[in-house]
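Okay, here's what each chain looks like letter by letter:
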Amino acid sequence: MTMTRRTIGVAAGALLTGALLLGGASVTLARGMTAAPTGGMMGGSSGGGMMGHRPQATAPYDLRFMDDMIMHHEGAIMSARMMISQSAHPELRDLARRIIAGQQAQVDQMRAWIRQWYPGKDAGPAGMGSGSGGMMSGGMMGGGMMGGGMMGGDTFDYMFLRMMIPHHQIAIDMSHDALTQAQHPLLKELARSIIRDQSAQITEMERYLQAWYGETSTRDLAGPMRGMMGGDNDPTL
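Per chain, residue numbering runs from 1 following the sequence as it is written. Where local features are concerned, this predicted model is filtered to residues with pLDDT of at least 70; where side-chain atom pairs are given and counted, the filter is 80 or more; whole-chain, interface and lining totals use all residues. Hydrogen atoms and water are omitted, and side-chain values are computed over all heavy atoms in the structure.

(A) The arrangement of the overall build of the protein in detail. By definition, any uninterrupted DSSP run of H or I lasting at least four residues is a helix, any uninterrupted run of E lasting at least two residues is a strand, and each is numbered from the N terminus. Looking only at helices and strands, the protein features seven helices and zero strands. Helices and strands appear in the protein in the N-to-C order α-α-α-α-α-α-α. Long-range pairs, those at least 24 residues apart, make up 79% of the contacts in the protein between residues at least 6 apart in sequence. Using a 1.4 Å probe, accessible areas were evaluated by the Shrake-Rupley method; residue-level cover was limited to the displayed protein chains. Carbon and sulfur atoms provide 55% of the accessible area of the protein, an area that totals close to 9,800 Å². Contacts are residue-level and defined by heavy atoms, with any inter-residue pair within 4.5 Å sufficient.

(B) Examining the pattern of salt bridges more closely. By convention in these notes, a salt bridge is any Lys or Arg side-chain nitrogen within 4 Å of a carboxyl oxygen on Asp or Glu. Under the criterion given, the structure shown has six salt bridges. One salt bridge connects glutamate 215 with arginine 162, and the closest N-O pair in it is separated by 2.4 Å. Here arginine 162 lies in helix H5 (residues 153-181) and glutamate 215 lies in the loop between helix H6 (185-213) and helix H7 (222-228), a separation of 53 residues in the sequence. Relative accessibility under 20% of the residue-type maximum defines a buried residue, over 50% an exposed one, and the middle range a partly exposed one, all with a 1.4 Å probe and only protein chains included. With a relative accessible area of 7%, arginine 162 lands in the buried category.

(C) Structural context of the nonpolar core. Phe65, Met66, Met69, Met110, Trp113 and Leu187 are the most contacted members of the largest nonpolar core, which has 26 residues in total. If you list the elements that add at least two residues to this core, you get helix H3 (61-86), helix H4 (90-117), H5, H6 and H7. What is meant by a nonpolar core is a set of buried Ala, Val, Leu, Ile, Met, Phe, Trp, Tyr and Cys residues, joined one to another through side-chain atoms within 4.5 Å.

(D) Representation of the confidence of the model for the protein in the model. You can read pLDDT as the predictor saying how much it trusts each residue, on a scale of 0 to 100. Across the protein, the average pLDDT comes to 73, with 58% of residues at 70 or higher. Low pLDDT, under 50, characterises residues 21-31; the predicted model gives this stretch 25 contacts beyond four residues in sequence or across chains. The low-confidence segment residues 232-237 (pLDDT under 50) makes 22 contacts with residues lying over four places distant or belonging to another chain.

(E) Here's a closer look at the packing of aromatic side chains. In summary, the pairing rule links any two rings of Phe, Tyr or Trp, Trp by its six-membered ring, whose centres are within 6.5 Å, and it sorts them by plane angle into stacked for under 30 degrees, edge-to-face for over 60 and tilted for everything else. Applying the stated criterion to the full structure yields five aromatic pairs. Seen from their ring centres, tryptophan 113 and tryptophan 117 are 5.0 Å apart, and the 10° between their planes marks the pair as stacked. Linking tryptophan 113 with tryptophan 117, this pair stays in helix H4, spanning four residues, or about one helical turn. Comparing tryptophan 113 with tryptophan 117, the two get one shared label, buried. Members of the aromatic cluster, each reached through a chain of ring pairs, are Tyr158, Tyr208, Trp212 and Tyr213.

(F) Seen up close, the environment of tyrosine 158. By secondary structure assignment, the location of tyrosine 158 is in helix H5. On the basis of relative accessible area, tyrosine 158 is assigned to the buried category, the value being 8%. As a C-alpha pair, tyrosine 158 and leucine 209 span 51 residues in sequence and 7.3 Å in three-dimensional space.

(G) Quick look at the packing of H3 against H4. Only the contacting stretch of a helix is used when fitting its axis, a line to C-alpha atoms as for every element, and angles between N-to-C directions run 0 to 180 degrees. Close contact between H3 and H4 brings their axes to 8 Å; oriented N to C, the two are set at 155°. Considering their axes alone, H3 and H4 lie roughly antiparallel with respect to each other. Note that H3 runs across H4; the crossing there is left-handed. Asp, Glu, Lys and Arg are counted as charged, while Ala, Val, Leu, Ile, Met, Phe, Trp, Tyr, Cys and Pro are counted as nonpolar; the rest, among them Gly, fall into the polar class. Counted by class, the contact of H3 with H4 contains 18 nonpolar, four polar and five charged residues. Any angle that is under 35 degrees is reported as roughly parallel, and any over 145 degrees as roughly antiparallel; angles of 65 to 115 degrees are reported as roughly perpendicular and all others as oblique. If you view the pair so one helix is near and one far, a crossing is left-handed when the near helix is turned anticlockwise from the far one by less than a right angle, and right-handed when it is turned clockwise.

Shown next, in the form of C-alpha cells:
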C-alpha cells in the first residue's frame, strides 16, 4: 500500500477538476489512461510529492474513511458546479445538481459524526465544494478560467462523463471496504448509500456516454486513475 485513502480522495478530485480545466488535452489523457504506472506524480511510499500528505496510521479506520470520503466528495462537488454552468445537456445539469445535493448532505453528515465520535479531530477545511468560497468557487469558475470559455459545450460534457464515472467507482470501492472495516453501523449504512447512489449515477452516465458519443463505460479507468496518482490497483487503499 503506497498511498493513504485520504491522498487518493484528494488527488482523484484534483485530477477530475484538472482534467475539466485542461480541456482538449485531457481528452487524450482520458483516452490513453490504460495502465497504472508505479509511483506517480502524487507521491509514493515515502509520502512525498505533490499530494504526499499522510494522516497518522494509528487513527481509527472510521475517522480516516470519513476524512478521505469528504475530500473525495468535495472534488466531485467542485466538478459538478462547473457542469451546471458549462454543460450543453440539461440532463447533465440535472445530474450535477443531484450530485451536489446528495454528496454535500453526506459531507455534512460525516463532519457531524467526526465532531460527535472524535472530539477535537478535524476533517480538514470545510467548503471546498460549497458556496462558501471554496477552491473552485471563485475566480477560476466565476468569470475566470472556466467562465472565459476555455472549454465548454460538448467537449466539457464528454470529459465530465469520462472522468466522473471512474471517480464514482473509486468512491464505491472505498465504500465496499468500509462495509467490512468500519466500526460504526451508521457509517456502514452511509457506505451502502454511497454504493447505491453512485452505482445508479454511473449507470446513468454510461447511458449518456453511449447515446451521445458512442462509447462504452470508463469505470475500468478507476484503477489506472489510482495508478496515475501514485497508488496501486488495490481498491482498499
